[in-house]
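A look at the structure
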Amino acid sequence: QICDMVTVARYLNVTLIVPELDKTSFWADPSEFRDIFDVDYFIASLRDEVRILKELPPRLKKRVEQGYLRSMPPVSWSDISYYHNQILPMIKKYKVLHLNKTDARLANNGLPMEIQKLRCRVNFDALRFTPEIEELGRRVVQILRQNGPFVVLHLRYEMDMLAFSGCTHGCSNEEAEELTRMRYAYPWWKEKVIDSKAKRKDGLCPLTPEEIAMVLKALDIDRHYQIYIAAGEIYGGQRRMAALTSAYPNVVRKETLLPSGLRFFQNHSSQMAALDYMVSLESDVFIPTYDGNMAKVVEGHRRYLGFKKTVLLDRKLIVELVDEYKNGTLSWTDFSSSVKASHTSRMGAPSRRQVIPDKPKEEDYFYANPHECLHQPDELSAL
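All values derive from a computational prediction rather than experimental measurement. (Residues numbered from 1 in each chain as written. Predicted model: local features only at pLDDT ≥ 70, side-chain atom pairs only at ≥ 80, totals over all residues. Heavy atoms only, no water.)

**Examining the state of the cysteines**
So the rule is basically this: Disulfides are defined as cysteine sulfur pairs within 2.5 Å. Elements are defined by DSSP. Helices are runs of H or I of four residues or more, strands are runs of E of two residues or more, and each kind is numbered from the N terminus. Any residue under 20% of the maximum accessible area for its type is buried, any over 50% is exposed, and the rest in between are partly exposed; the area is computed with a 1.4 Å probe on protein chains only.
Applying the stated criterion to the full structure yields two disulfides. Linked covalently through their sulfurs, Cys120 and Cys373 form a disulfide whose S-S length is 2.0 Å. The sign of the S-S torsion, about 85°, decides the handedness of the disulfide formed by Cys120 and Cys373: right-handed. Linking Cys120 in helix α6 (residues 113-126) with Cys373 in the loop between α17 (332-343) and α18 (378-381), this pair joins segments that are 253 residues apart in sequence. Judged by its relative accessible area of 5%, Cys120 falls in the buried class. Two residues share a disulfide in this structure: Cys167 and Cys205, whose sulfurs sit 2.0 Å from each other. The sign of the -85° torsion about the S-S bond sets the Cys167-Cys205 disulfide as left-handed.

**Observations concerning the domain arrangement of the protein**
For clarity, the cut-off: Boundary definitions for the domains trace back to an automatic or database domain assignment. Note on definitions: a residue-residue contact is assigned when non-hydrogen atoms from the two residues lie within 4.5 Å. Buried area is calculated as the accessible area (1.4 Å probe) missing from two parts once they are joined, with the contributions of both summed.
The domains assigned to the protein are domain 1 (1-125) and domain 2 (131-373). Here the C-alpha centroids of domain 1 and domain 2 sit 30 Å apart. Listed as interface residues are 22 residues of domain 1 and, on the opposing side, 29 residues of domain 2. Carbon and sulfur atoms supply 61% of the area that domain 1 and domain 2 bury against each other, a total of about 2,300 Å² over both sides.

**What to know about the side chain of Ser283**
Keep this limit in mind: Here a polar contact is taken to be a pair of N or O atoms separated by no more than 3.5 Å, where protein atoms must pair a possible hydrogen donor with a possible acceptor and residues adjacent in sequence count only if both atoms sit in side chains.
Note on placement: Ser283 falls in the loop between α14 (269-282) and β8 (285-288). Engagement of the side chain of Ser283 in a polar contact is seen with the backbone oxygen of Ser280, the distance being 3.0 Å. Here Ser283 is in contact with Phe150, Val152, Arg302 and Lys308, once residues within four sequence places are set aside.

**A look at the packing of helix α1 (residues 2-12) against α6**
Operational definition: Comment: axis = line fitted to C-alpha atoms, over the contacting stretch for helices; angle = value between 0 and 180 degrees taken between N-to-C directions. Roughly parallel refers to an angle under 35 degrees, roughly antiparallel to one over 145, roughly perpendicular to one between 65 and 115, and oblique to any angle outside these ranges. Crossing chirality is assigned from the near helix's rotation relative to the far helix, an anticlockwise turn below a right angle marking it left-handed and a clockwise turn marking it right-handed. Side-chain classes follow a simple rule in which Ala, Val, Leu, Ile, Met, Phe, Trp, Tyr, Cys and Pro form the nonpolar group, Asp, Glu, Lys and Arg form the charged group, and the remainder, Gly included, forms the polar group.
Closest axis-to-axis distance for the α1/α6 pair is 9 Å, and the angle between their directions is 130°. Considering the angle they form, α1 stands oblique to α6. In this structure, α1 crosses over α6, and the sense of that crossing is right-handed. Packed against α1, whose contacting residues are Cys3, Asp4, Val6, Thr7, Arg10 and Tyr11, the element α6 presents Glu114, Ile115, Leu118, Arg119, Val122 and Asn123 at the interface. Class assignment for the residues of the contact of α1 with α6 results in six nonpolar, two polar and four charged.

**Remarks on the packing of helix α7 (residues 131-146) against α14**
Helix-helix packing is characterised by the crossing angle of the two axes and by the distance between the axes. For the pair α7 and α14, the least separation of the axes is 9 Å and the interaxial angle reads 45°. One element, α7, and the other, α14, form an angle in the oblique class. Between α7 and α14 lies a crossing whose hand is right-handed. Across from Ile133, Glu134, Leu136, Gly137, Arg138, Val140, Val141, Leu144 and Arg145 in α7, the residues of α14 making contact are Gln271, Ala274, Leu275, Met278, Val279 and Glu282. Considered class by class, the residues forming the contact of α7 with α14 number nine nonpolar, two polar and four charged.

**What to know about the layout of surface pockets**
This is how the line gets drawn: Cavities and pockets are defined on a 1 Å grid built over the protein atoms alone: a cavity is a set of grid points where a 1.4 Å probe fits but cannot escape, while a pocket is an open set with protein on both sides within 12 Å along at least five of seven lines, and lining residues are those with an atom within 4 Å of any such point. Grid points are joined across faces, edges and corners, and a volume is the space filled by probe spheres set on the points.
One number sums up the size of the second largest pocket: a volume of about 220 Å³. The wall of the second largest pocket is formed by Ile229, Glu233, Ile234, Gly237, Gln238, Met241, Ala242, Thr245, Val251, Val252, Arg253 and Thr256. With five residues, the single largest contributor to the lining of the second largest pocket is helix α12 (residues 237-247). For the lining of the second largest pocket, the residue count by class is six nonpolar, four polar and two charged.

**Describing the nonpolar core**
Nonpolar side chains in soluble globular proteins tend to be buried together. Basically, it comes down to this: Only buried residues count toward a nonpolar core. Its members are Ala, Val, Leu, Ile, Met, Phe, Trp, Tyr and Cys residues joined through side-chain atoms within 4.5 Å.
Counting 67 residues, the largest nonpolar core has Phe42, Leu46, Val122 and Tyr228 as its most contacted members. Lining this core are residues from two domains, each supplying at least three of them: domain 1 (1-125) and domain 2 (131-373). Among all residues touching Tyr228, those that are not within four sequence positions of it are Val140, Leu144, Val151, Val152, Leu153, Val252, Arg253, Lys254, Leu257, Asp276 and Val279. Counting residues in each nonpolar core, the second largest holds 39 residues, with Trp189, Leu216, Tyr235 and Ile287 among its members.

Printed below as a string of structure tokens:
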């Protein structure tokens, strides 16, 4: 969102105010932009492209306080002409325009090359974490490296994710009811009635810790490798993690690696996620168990760093194979060979984004594979 709005501000030739972060989500994180990112570097590194201020100038601030402010969400997946034709006139009219929703508001494809390159520049250079987060991230990576190879598992099995998605496979009746109550309690989660079984069969649920343990074994991930869990608190705790920790005894988290170093980050989920992001970039293998902004941006960043191995799981096929294995119609050998065969081309290797005209939500996300900014093999560059 930040990268897109910097790019929009640059091509409208308007001033950007350092973005405010959402503080009303489930996690209720009070972190400001400056608590996560190096704000001075952000402003300075983009000085040749766009004017960025930490806050509104006094005259405009006074206008806003008097109620002269237009607030609106831009249209999703818009191209740059929409911003020129619809948004720029409003900025000229109101002097200050507050864009109150900025997720997926710029198209993945069909934009000029310089726009795509600027999105990458903001993402891969201008957005640096604070020195404190960078230092802690380096310490976690150093500790992991001292103990050999490590896999980062972006295990999206937190309570809010399960409640939001309606995925309750492997949960008790009491847990399923608790998750349903939570979904109904949050008004911004629009979908309320969800068929968990159907959704799982369609590959639309996060893989469970039990399922991911089977996948890691099927892919021949060495059981002595460290498995770093990049996530919040896993729903069901140790009981749900038992299959994974039994198969892989070296399961670790930032909280166990730096028990005293994280005290200032407690209850600041975005800062904790920033640490996980840094470790995810440095891992030998990155495996997200569900889609999401962080998983997709890490995937794209690892491509940028030299197409580092990222296993993009085919969840629809995996749950089908898991069920066949568990009901006895598929041997372990066939399960393992099927998982391997179906993922040989899903390891984050160079590729072009899939473009689906008029269906931007279904096509490949720009930040997951910003191929315009990557050093592609010759045969791909020629396409």
